[in-house]
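Commentary on secondary and tertiary structure
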Amino acid sequence: MHWMITEIRLFFVCLSFLSRIPSPKWIGFQEEWLHKSIKYSPTVGVLLGFLQWSIFTIFQMFLGTGIAFIISLGFLLIITGAFHEDGFSDFCDGIGGGWKREDILRIMKDSRVGSFGAAGISLLLILKIFAGFDSLKTTGFVWHQISLERTIQQTPVLLYFLSAHSFSRFISVLTMKLLPYAKEEGYAKPMAKEITWPQTLFASLAGLSPFVFFVYLHPKFSLSLVFIVPSFYYMYSLMKRWISGFTGDCLGAVQQVVETCLWISGVFVWTSI
């Protein structure tokens, strides 16, 4: 029973760290719980993916795919506080504007948004919106078409949303295992200091399960790895070459890149093959 309470507490600690969703008051907080809770990051991704799918499904019945996806994306930005998007923006500013390790880390730490960050986050959101619309436009239904059969047919769409958020957050956890933390201190330092392989394997359960099930239903979606693997390797190479590790901003950038690759993959798989 004590073990179960501890794990519930770690889940809510991770949820509070990665989103603005309130946790029960009895959960409490200790900084040492942060590095233990990171294994629940993909599980939080499953929850966020389900929430986005729910908002998308509701508004799609009345407003169509494009507007519904934009609303669901905006909803997600609100409940996460644009946490990962901010990291992606800072990453773009740092890598784009710095020539030395110290300069890159200093720029990433700056809360102001520079030219590279503004351009990067703008392009990222545009890609998400168009990819989400193009990949989902043939999978929806309207109010008068609701039926049990049509609802069951939405299972792949649900798995698509879950995969985008759980798989991308698992890759962030994997990044924390493969690279050292690049700074002496920082917002992600408490979470990054003791990532173990057992934690990484635990994270893979929620991180990979929706994706694996999705691929089982749609085997061609395994081709999404053609987009994801090179993109992740490129991000990994940038971090290793320029700052010899990762920061919290880097983790947000990795999550956003992988998530966007999954949305783009849907266009390739569902409309091109």
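Scroll up to find the structure this text is about.
Presented here is a report on the structure given in the accompanying data block. Because the structure is predicted, anything quoted here is derived from the model rather than measured. (Residues numbered from 1 in each chain as written. Predicted model: local features only at pLDDT ≥ 70, side-chain atom pairs only at ≥ 80, totals over all residues. Heavy atoms only, no water.)

1. A few points about the pattern of salt bridges
This structure, assessed with the given rule, holds 3 salt bridges. Put simply, Glu85 and Lys128 hold a salt bridge, and the shortest N to O gap is 3.5 Å. Of this pair, Glu85 sits in helix 5 (residues 83-97) while Lys128 is found in helix 7 (residues 115-136), placing the two residues 43 residues apart along the sequence. The same class applies to Glu85 and to Lys128, which are both buried. A salt bridge links Asp103 to Arg106; the shortest N-O distance between them is 3.5 Å. Of the two residues, Asp103 and Arg106 both sit in helix 6 (residues 101-109), 3 residues apart, roughly one turn of that helix. Each of the salt bridges in this network shares a partner with another, and the network as a whole consists of Glu85, Lys128 and Glu259. (Salt bridge = Lys/Arg side-chain N within 4 Å of Asp/Glu carboxyl O. Helix = DSSP H or I, 4+ residues; strand = E, 2+ residues; numbered from the N terminus. Buried < 20%, exposed > 50% of the residue type's maximum accessible area, 1.4 Å probe, protein only.)

2. Structural notes on the packing of aromatic side chains
Evaluated as defined, the whole model comprises 19 aromatic pairs. Here the aromatic rings of Phe17 and Phe83 are separated by 5.7 Å at their centres, their planes lie at 80°, and the arrangement is edge-to-face. With Phe17 in helix 1 (residues 2-18) and Phe83 in helix 5, the pair connects residues that are 66 residues apart, well separated along the chain. Judged by relative accessible area, which is 26%, Phe83 ranks as partly exposed. Judged by centre distance (6.3 Å) and plane angle (80°), the rings of Phe56 and Phe69 are edge-to-face. Taken as a pair, Phe56 in helix 3 (residues 41-63) and Phe69 in helix 4 (residues 65-80) lie far apart in primary sequence, 13 residues in all. Accessibility classification places Phe56 together with Phe69 in one group, the buried group. These aromatic residues form a ring-pair network of at least three members: Phe56, Phe69, Tyr160, Phe161, Phe167, Phe211, Phe214, Phe221 and Trp263. The ring of Phe202 carries the charged tip of Lys39 above its face, separated from the ring centre by 4.8 Å. (Phe/Tyr/Trp six-rings, centres within 6.5 Å; stacked < 30°, edge-to-face > 60°. Lys NZ or Arg CZ within 6 Å of the ring centre and 35° of its normal.)

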